[in-house]
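Tertiary structure, described
Spelled out from the first residue to the last, the chains are:
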Amino acid sequence: MVKKGKLIINLDEVIGNINPNIYGHFAEHIGELIYPGIWVGEDSKIPNIEGIRKDLVEALKKIRPPVIRWPGGCFADAYHWMDGIGPREERPIRVSFWGDEETNQFGTDEFLKFCSMVGAEPYICLNVGSGSPEEARSWVEYCNYSGNSYYAQLRAKNGHPEPYRVKYWGVGNENWGCGGCFTPREYASEYRRFANFIKGFCVPFSEWGKIELIACGHTEREWNRILMESLRDYLYLVDHLSIHYYFHAYGGDIKFSDEDYFNLLLSIQQLEYHIWQAITVVDHFAEQRKNIGIVVDEWGVWYPEANLKSKFRQQNTLRDAILAASVLNLFNRYCRKVVMANISQLVNVLQALFLTEGSKLIVTPTYHVFDMYKYHMANDALKAEISSPIIKEPPSPPKPFFVSIPLRKLKPLAALDASVSINRERKELVITLVNRSLDEEVETEILLRGDREMEDGRKIILTASDVREFNDFDAPERVKPSEETIRARDKGFVYMAPPHSVNTLIVKLK
Ligand code: AHR
């Protein structure tokens, strides 16, 4: 018997506006991400624009990247930005956090050029762990000051007289761990010092532009609580709180059991729990005075194949695309508080959107999800009620990677997962629907509640014969989306969601 589900869309119930930055990226100096994933140098045989891979720029532009976080990650708290400016042949080679010889060929000006080429906002992570407030302040001045100061002149000398106006600045990365092993109280006092000299009362706001600071949070509620408590009287210095979440140890990147597949998808509930706990903490301390957003500035799947030896490279299957689609649906549903998210990472590392081999570049199934979800950006998320067949009862608590992460009783896994948005003109609905069943299609009734009616539209479908399918350099298009039209009338239509598929349905309204 055909499995059945239902999606009721409430046109009059707006959850919030979907910040485009939810579809953000992360590019750390780690493995082969920067070299040669982004930077090949001007003299390379690999086609490039001022040293930056041309194929990457073209493919990235297509998905409209809103924001890119850089230079780390753990790399950031051991990075000194002055090493990466000025004539490239004079830049020092340093041993990076990850033990690599960092040539500093890709520094601040190259990163900001890359962002402008692809149309993304830059998000720079400052060095708190081994840096100083003075070093951080001068970096902001170098990027944003429009007057005649030493650092503004240096920027002009390096080819960019106009300030870059970088808006997003992270005050350290994972400062509870690789970013300095601070306690939350110690980090709070560092945060105050750093933020005060970047964003405090006497900082030339008008000159440096409006910047937003991101404080380092944790999946441990206690860290967030103590941090926010300690910063209670300094909330004017805090714009956002970040958390990181990696999905660890669910089989291998391409070799995994059905059980691993279901457990991976079930564990999205853990991420939801961590987002929820971070929201409760910031909302408690910020109260009416300030709306502090949650920034999930590292998220993604991390398989055992990705380690120091493999340069953090792993393959990316349709399973990863299904996970990414479900996580992005979750962020859309939490868009009232989740203001940015950055998948980890952009090229060649962890849940990458791109893989390179010499002059070749391929896109992964996860890339296609970002391409299919871009239609949500800046739309209003609508409340949608889903009823779905259940495909997996949760096992007794899954094995955690970090024992400190609290394990909760999970709810059963539903086949269908969705988020819905409406564009600003109120003329178009974007429905992203994931069918996570391994072998059964789901006949899904899509119904509109409200005084409008549906007209025809289009559907973009990402699936493959098996959830273990992936793209590689011999078959770069094994997993790719297809597009067809949809016949929608009156209050709805019935959509047959194929097994293990991600579906974007774009429907006109009248
Ligand atoms: O993404 C790889 C690393 O994972 C990052 O450098 C760090 O922030 C996280 O622990």
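The text that follows walks through the structure, step by step, so that each part is easy to find. Here the residue numbers are simple positions, counted from 1 along each chain's written sequence. Residue-level local features of this predicted model are given only where pLDDT is at least 70; pairs of side-chain atoms are given and counted only at 80 or more, and the full residue set underlies all totals for whole chains, interfaces and linings. Remark: hydrogens and water are excluded; side-chain values derive from all non-hydrogen atoms of the structure.

Below, the discussion takes up the packing of helix α5 (residues 184–199) against helix α7 (residues 221–230). Interaxial distance between α5 and α7 falls to 9 Å at its minimum, and their mutual angle equals 40°. As far as their axial angle goes, α7 and α5 are oblique. Considering how the two elements wind past one another, α5 and α7 form a crossing that is right-handed. In this structure, α5 contributes Pro184, Arg185, Tyr187, Ala188 and Arg192 to the contact, and α7 contributes Trp223, Ile226, Leu227 and Ser230. Amino acids outside the nonpolar list (Ala, Val, Leu, Ile, Met, Phe, Trp, Tyr, Cys, Pro) and the charged list (Asp, Glu, Lys, Arg) are all regarded as polar, and Gly is one of them. Residues of the contact of α5 with α7, tallied by class, amount to 6 nonpolar, 1 polar and 2 charged. With axes taken as lines fitted to C-alpha atoms, and helix axes fitted only over the stretch in contact, angles between N-to-C directions fall between 0 and 180 degrees. Strands are runs of DSSP state E lasting at least 2 residues, helices are runs of H or I lasting at least 4, and numbering of each runs from the N terminus. Orientation is classified from the angle alone, with under 35 degrees giving roughly parallel, over 145 giving roughly antiparallel, 65 to 115 giving roughly perpendicular, and any other angle giving oblique. Take the far helix as your reference; a near helix turned counterclockwise from it by less than a right angle gives a left-handed crossing, and one turned clockwise gives a right-handed crossing. Throughout, a residue-residue contact means that at least one pair of heavy atoms, one from each residue, lies within 4.5 Å.

This part is about the packing of aromatic side chains. Aromatic ring pairs: the centre-centre distance and the angle between the two ring planes describe each pair. The aromatic pairing rule takes the rings of Phe, Tyr and Trp, using the six-membered ring of Trp, and pairs them if the centres are within 6.5 Å, calling planes under 30 degrees apart stacked, those over 60 edge-to-face and the rest tilted. Scanning the model with the defined rule gives 24 aromatic pairs in all. A ring pair is formed by Trp70 and Trp139, whose centres lie 6.2 Å apart and whose planes are at 70°; its orientation type is edge-to-face. In this pair, Trp70 sits in strand β5 (residues 67–70) while Trp139 sits in helix α3 (residues 133–144), placing the two residues 69 residues apart along the sequence. Remark: exposure states derive from per-residue accessible area (1.4 Å probe, protein chains only) relative to the maximum for the residue type, with buried under 20%, exposed over 50%, and partly exposed in between. Overall, Trp70 belongs to the buried group, its relative accessible area being 0%. The interplanar angle of 70° and the centroid separation of 5.3 Å between the aromatic rings of Tyr261 and Phe262 together place this pair among those described as edge-to-face. The same class applies to Tyr261 as to Phe262, namely buried.

Another point: the sheet that holds strand β2 (residues 24–26). Paired through their backbone hydrogen bonds, the strands of a sheet run either parallel or antiparallel. Strand order in this closed barrel of 8 strands is β2-β5-β8-β9-β10-β11-β12-β13, and the pairing throughout is parallel. Each adjacent strand pair in this sheet contributes to an overall mean axis angle of 25°, direction not counted. When DSSP finds at least two bridges between two strands, those strands are taken to pair. Direction of pairing for β2 relative to β5: parallel, over a ladder of 2 bridges. The residue of β5 that forms the bridge with Phe26 is Arg69. Lying over the sheet, helix α9 (residues 268–286) contacts β11 (240–248), β12 (293–302) and β13 (338–343), oriented at roughly 165° with respect to β11.

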